[in-house]
Amino acid sequence: MSKITAAITAVGGYVPETKLTNFDLEKMVDTNDEWIRSRTGISERRILKEPGKGSSDMAVPAIEEILRKKNLDPKEIDCIICATVTPDMVFPATANIIADKIGATNAWGYDLSAACSGFLFALSSGAMYIESGRFKKVIVVGVDKMSAIVDYTDRTTCIIFGDGAGAVLLEAGEEGLGIQDSILKSDGSGRHYLHMKAGGSVKPATAETVAAREHFAYQEGQAVFKFAVKGMADVSAELLERNNLTGEDIAWLVPHQANLRIIDATANRMGLDKEKVMINIQKYGNTTAATLPLCLWDWENQLKKGDKIVLAAFGGGFTWGATLLTWAYEGK
Ligand code: UT7
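Given the structure is predicted, the values throughout are model-derived calculations rather than measurements.

A few words now on the sheet that holds strand β6 (residues 138–145). Spatial strand order, β1-β7-β6-β4-β5: five strands in an open sheet with mixed pairing. Of all strands in the sheet, those with a lone pairing partner are β1 (5–14) and β5 (108–112), marking the two edges. Strand-to-strand twist of the sheet, defined as the mean angle between neighbouring strand axes without regard to direction, takes the value 20 degrees. Pairing of β6 with strand β7 (residues 163–173), which is carried by eight bridges, proceeds in the antiparallel orientation. The residue bridging Asp 144 from the neighbouring strand is Gly 164, located in β7. With respect to the sheet, helix α3 (residues 55–70) is in contact with β1, β6 and β7, its orientation differing from that of β1 by roughly 120 degrees. Against the sheet, helix α4 (residues 94–102) contacts β4 (79–83), β5 and β6, and its axis sits at roughly 130 degrees relative to β4.

This is the structure in structure tokens:
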């Protein structure tokens, strides 16, 4: 029996309408448009402003776009994996809430927490259910409402993040198309550089933790930057090497959108021209688990069956990795 591969067969996305521009941020913290653009590449981000709305409210329209495109009954979905660090609630899992909202009554699912590498880790996990033959239709969604955990008085962190959701459908790939190889890594000793101090079991929420602003994302930017540049570039280069590929063989690099300088370093290390790198950081900022599928969403109509694509990410944990896939359909 030939090996089953897992292929992305549809993409959906959602970003909220409200824009938070660099000029808006100038009025909130001591920063300026020129600094933000030159240090990060970001001009604006999207923010989910409506009270009472959470990550599931962005994941649902992203997945519903897939259902429409594929003319799929939500009852046909076997499994939903939701990568997020901003779940609707600590529990139950946002995947359950999404399944309920879209009517995926036959699906099981769970949340996966790997920060900015969440989508990549979830994609690999979902792919294994397809490759094993156990399930036929798996939805992988990366979603984060970072505005819920960003401290808008911390100028080094608040300028980066935005809200959004991106989703893919995984099915058995024809002719070996789909996910070919992945290198995934984590190193918990990096947890000190990027985390949320309170609200977990070690330090539950109290009036003091709220007053000390410990329920926001805390980041030591420079340290994370150094690890990110090396981590993302190293695994991407290793992935090419062990598949006997060079930058010339790659149609597209889909990098995590945290900082344009990290993206450029990864592309250089892979020997890739800038035109082959998906970059939308200028309009969405860093949407954490949503950056990779939002790139696929924005570029879908340029993708061709057979394109070799590398997805690469680095995030809190630390977590990082790269995945090589052969695109399975004509995007147009
Ligand atoms: O996605 C998950 C993983 N996260 C990342 O990959 C993020 C990685 N880190 C970064 O992207 C960058 O470290 C940041 C964009 C967060 C910060 O950029 P940086 O070039 O590392 O800045 P820095 O923290 O080294 O600060 C340089 C200077 C400092 O001033 P002095 O000490 O040199 O006078 C900061 O106080 O820039 C100052 N600064 C700012 N100035 C204007 C820091 N933030 C701002 C700001 N506006 N928003």
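Its boundaries defined by the atoms lining it, the largest pocket holds a volume of some 1,000 Å³. Forming the walls of the largest pocket are 36 residues, and the residues nearest its centre are Val 85, Thr 86, Ser 113, Ile 149 and Met 196. Those elements that provide at least two residues to the lining of the largest pocket are β5, β9 (194–196) and β10 (217–219). Of all the elements, β9 adds the most residues to the lining of the largest pocket, at three residues.

This part covers the site of the ligand. Lining the immediate surroundings of the ligand are 23 residues, of which Thr 31, Arg 39, Gln 222, Asn 259 and Asn 286 lie closest. Within the side chain of Trp 35, a nitrogen or oxygen atom sits 3.4 Å from an oxygen atom of the ligand. Within the side chain of Arg 39, one N or O atom sits 2.6 Å away from an oxygen atom of the ligand. With the chains in place, 76% of the 950 Å² that the ligand exposes on its own is no longer accessible. Applying the majority rule of atoms within 2 Å of the grid points places the ligand in the second largest pocket. Broken down by class, the residue content of the shell around the ligand amounts to 10 nonpolar, nine polar and four charged. In this structure, the shell around the ligand is formed jointly by two domains, domain 1 (6–176) and domain 2 (180–326), each of which donates at least three residues.

About the criteria used
Residues numbered from 1 in each chain as written. Predicted model: local features only at pLDDT ≥ 70, side-chain atom pairs only at ≥ 80, totals over all residues. Heavy atoms only, no water. Pairing = 2+ DSSP bridges. Helix = DSSP H or I, 4+ residues; strand = E, 2+ residues; numbered from the N terminus. Axes fitted to C-alpha atoms, helices over the stretch in contact; angles between N-to-C directions. Contact = heavy atoms within 4.5 Å. 1 Å grid on protein atoms, 1.4 Å probe; cavity = no way out; pocket = protein on both sides within 12 Å on 5 of 7 lines; lining within 4 Å. Points joined across faces, edges and corners; volume = space filled by probe spheres on them. Near = heavy atom within 4 Å. Polar contact = N/O pair within 3.5 Å; in protein donor to acceptor, adjacent residues only side chain to side chain. Areas by Shrake-Rupley, 256 points an atom, 1.4 Å probe, with all protein chains shown as cover. Sits in = over half its atoms within 2 Å of the grid points. Nonpolar A, V, L, I, M, F, W, Y, C, P; charged D, E, K, R; others polar. Domains from an automatic or database assignment.

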